[in-house]
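Here are the chains, one letter per residue:
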Amino acid sequence: MSDRKAELERKKAKLQLMRDEKKRKEEEKKKREDAEQAAAAPTSSESSDITALLQDLGIPPAGATPVSQPAKPSPASVASKEPTLSTAPVVPTSVSPQTAKKLTFSKVTQTNVPPREQVTYSKETQTPHEVLEKDDDDADSLDVAVDMQHRHMQHGHMHAMPHVEMMKPALTAEDMAALEKEKEARRRVPELSDEEKMYIMTTEEFQRFFDRSSRIMERALTEEDVQSIFVDYTGGEDGDNEGDAQAGERLKLNREFFDERWSKHRTVTCMDWSVQYPELLVASYNSNDDAPHEPDGVALVWNIRFKKTTPEYIFHCQSPVMSSCFAKFHPNLVVGGTYSGQIVLWDNRSNKRTPVQRTPLSAAAHTHPVYCVNVVGTQNAHNLISVSTDGKMCSWSLDMLSQPQDSMELQHRQSKAVAVTSFSFLTGDVNNFVVGSEEGAVYTACRHGSKAGIGDMFEGHQGPVTGIDCHTVPGQIDFSQLFLTSSFDWTVKLWSIKEQKALYSFEDNSDYIYDVCWSPTHPALFASVDGTGRLDLWNLNNDTEVPTASAIVESGVALNRCRWHQSGQHLAVGDDMGKIHIYDIGENIANPKIDEWSRFMHTLQEIKNNSSDRDDDPSSLSSMSSPLR
């Protein structure tokens, strides 16, 4: 309210200034009129001219003696003189002087009808001193407006003032010609010197453009259908992953990924599929002893959507990368755990292949190889969890890797630290997880709460645990308590966190089993790989003694990692020579039937009923220990 009153006072003061200015102008106008009248008085030269003009007309000037004229006789004299006739000549007599006419100046009233006012606007200031020249009607109307404004303010509402916008002046023919010349100059490509070309090629904008364009051209050269080659994995576009598993074929090799420079003589240490871009697969590699000048650690992002054989992105660091994963809620970030104990973070939006962040090499973080990294939580609250072989688990924020948010020593009953080689979180749980160790034992663990740290221990393997995976398939029946482990003892074991003993041991392999992984869509299906280059698919609803489908990679390589695609129709397998094999899973195996969950429940019940007989069988015990003799 005080602001409105102040504004009214300013307007009243402004109105008073306008009235004073008007009064001043009227006085000036009156003075000008008097000056004009004084200037209109005739000068001496003008008076002589006027006198001459009057004499030509027979009018004597003022002050001169006029010519006398005979007086008219009176009627009486005329009557008395009628009978008398005189012959004497008439002598002229003097004429009595006539009264002189006095000339004066009269004021001429002029009437001016002004033409109709044409209002035009220009870019110059219309009121330089903020003084508005208005006539009486405008001043009175302003008084009325101020009073009305005051009354509206008292009633609590106010009308907006009119808004006047400036219009652009019309362009002339010369302006149009100048604009055309400017456009033509812009279209003309200037010649650049070698220094200018080198400068442009080193700018970040050009490198980003060249990287993007070369990636698109590489896709176009290998694709028959180019309608989707323009997908950009740095900008947030979603790509459709079309599952091309062939019905009737159980296990079919689709393609292989290998790069002569970055994959040769390196071992695939870890793989992970992107959640946001299902066609992207990140694979980490250790060092290449035959190339000492190349980086020790490499992480390559491969694309199964296109037929090109080169990686989508290339990342590296100065320590072998032992584990890697996509940051679940950050599609542009790739996390790596190194042999030196550092956690590194790459960003595909950056033009650098080196990490954008890394953890310090200090006692507060890891100082031993990190074989386990994973991002757990929700979109708004998530952390990076890492575990190294010295038994230390750290929780990190992806925004700051300078120090862990939380750390914990994994020890079982105050003994030495557990040398963790693999871990897996329970389905839908960010607090409880299971870990595999170098000594062959499996442990449950908890991040928070009164039971934080190592919990129960599961004994059964006779060698280091190489892989562990919890059941993740949702359905009518909950199997989230189940998990699988693989080991150097040539076996895969099925466990439940509710029982200390293994539910079942799969002993069909004849070499180290390096990894095991549940299917993300089928409740009873899992895959395993071993050192002979053999890939096995186990459907426990069909058979628990032999695999449902198997494939052997030629050239005598060892398969050491496997990861299911989230659709359940593709399986990525990595070997010890740096090559990744993509297999298509037949629909009759990958797609579960409606009764698969209930059948798997019956299968587990049969396994539990027969577990006592299997444990008492001496041949079974000898077969478990034979690989280590």
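Residues numbered from 1 in each chain as written. Predicted model: local features only at pLDDT ≥ 70, side-chain atom pairs only at ≥ 80, totals over all residues. Heavy atoms only, no water.

## Observations concerning the pairing of strand β24 (residues 534-539)
Cut-off, in case you're wondering: Think of it in three bands: with a 1.4 Å probe and only protein chains considered, a residue is buried below 20% of the maximum accessible area for its type, exposed above 50%, and partly exposed in between. The helix count covers DSSP runs of H or I at least four residues long, the strand count covers runs of E at least two residues long, and both are numbered beginning at the N terminus. The rule for pairing is simple: two strands pair if DSSP sees at least two bridges between them.
Among the six residues in β24, six count as buried, and that is most of the element. Residues R534, D536 and W538 point to one face of β24 and L535, L537 and N539 to the other, with burial holding for every one of them. Bridge analysis of strand β23 (residues 525-530) against β24 gives five bridges, and the strand direction is antiparallel. Its bridge partner being in β24, S528 is matched across the sheet by D536. What sits between β23 and β24 in their antiparallel hairpin is a turn of three residues, with G533 showing a positive phi close to 80 degrees. Bridging between β24 and strand β25 (residues 549-552) involves four bridges; their strand directions are antiparallel. Following the sheet pairing, L537 is matched in β25 by A549.

## As for the side chain of T444
Where we set the bar: Think of a polar contact as two N or O atoms within 3.5 Å of one another; within protein, one of them needs to be a possible hydrogen donor and the other a possible acceptor, and neighboring residues in sequence only count if both atoms come from side chains. By definition in these notes, contact holds between two residues if any of their heavy atoms fall within 4.5 Å.
Among the secondary structure elements, T444 is positioned in strand β16 (residues 442-446). A polar atom in the side chain of T444 sits 2.9 Å from the backbone nitrogen of D456. Residue contacts for T444: discarding those within four places in its chain leaves F433, V434, G453, I454, G455, D456, F458 and I497.

## Points about the side chain of S505
Here S505 shows up in strand β21 (residues 504-506). Polar contacts involving the side chain of S505 include one to the side chain of K493, which spans 3.0 Å. In this structure the side chain of S505 is engaged in a polar contact, spanning 3.1 Å, whose partner is the side chain of E507. When sequence neighbours within four positions are dropped, the list of residues in contact with S505 reads T491, V492 and K493.

## A look at the packing of helix α6 (residues 194-202) against helix α7 (residues 204-222)
To be explicit about the condition: With axes taken as lines fitted to C-alpha atoms, and helix axes fitted only over the stretch in contact, angles between N-to-C directions fall between 0 and 180 degrees. Oblique is the label for every angle not falling under 35 degrees (roughly parallel), over 145 degrees (roughly antiparallel), or within 65 to 115 degrees (roughly perpendicular). Three classes are used: nonpolar for Ala, Val, Leu, Ile, Met, Phe, Trp, Tyr, Cys and Pro, charged for Asp, Glu, Lys and Arg, and polar for all others, with Gly counted as polar.
Look at α6 against α7: their axes get within 5 Å of each other, and the N-to-C directions meet at 70 degrees. Comparing their axes, α7 and α6 come out roughly perpendicular. Here α6 contributes I200, M201 and T202 to the contact with α7, which in turn contributes E204, F206 and Q207. Residue classes in the contact of α6 with α7 are distributed as three nonpolar, two polar and one charged.

## Let's talk about unusual backbone geometry
The backbone of H265 shows a phi angle near 60 degrees, a positive value even though the residue is not glycine. One can find H265 in the loop between β1 (251-257) and β2 (268-273). The backbone of W490 sits at a positive phi, close to 70 degrees, despite the residue not being glycine. With respect to the helices and strands, W490 occurs in the loop between β19 (482-487) and β20 (492-496). With relative accessibility at 26%, the residue W490 sits in the partly exposed group.

Just geometry here; none of it tells us what the structure is for.
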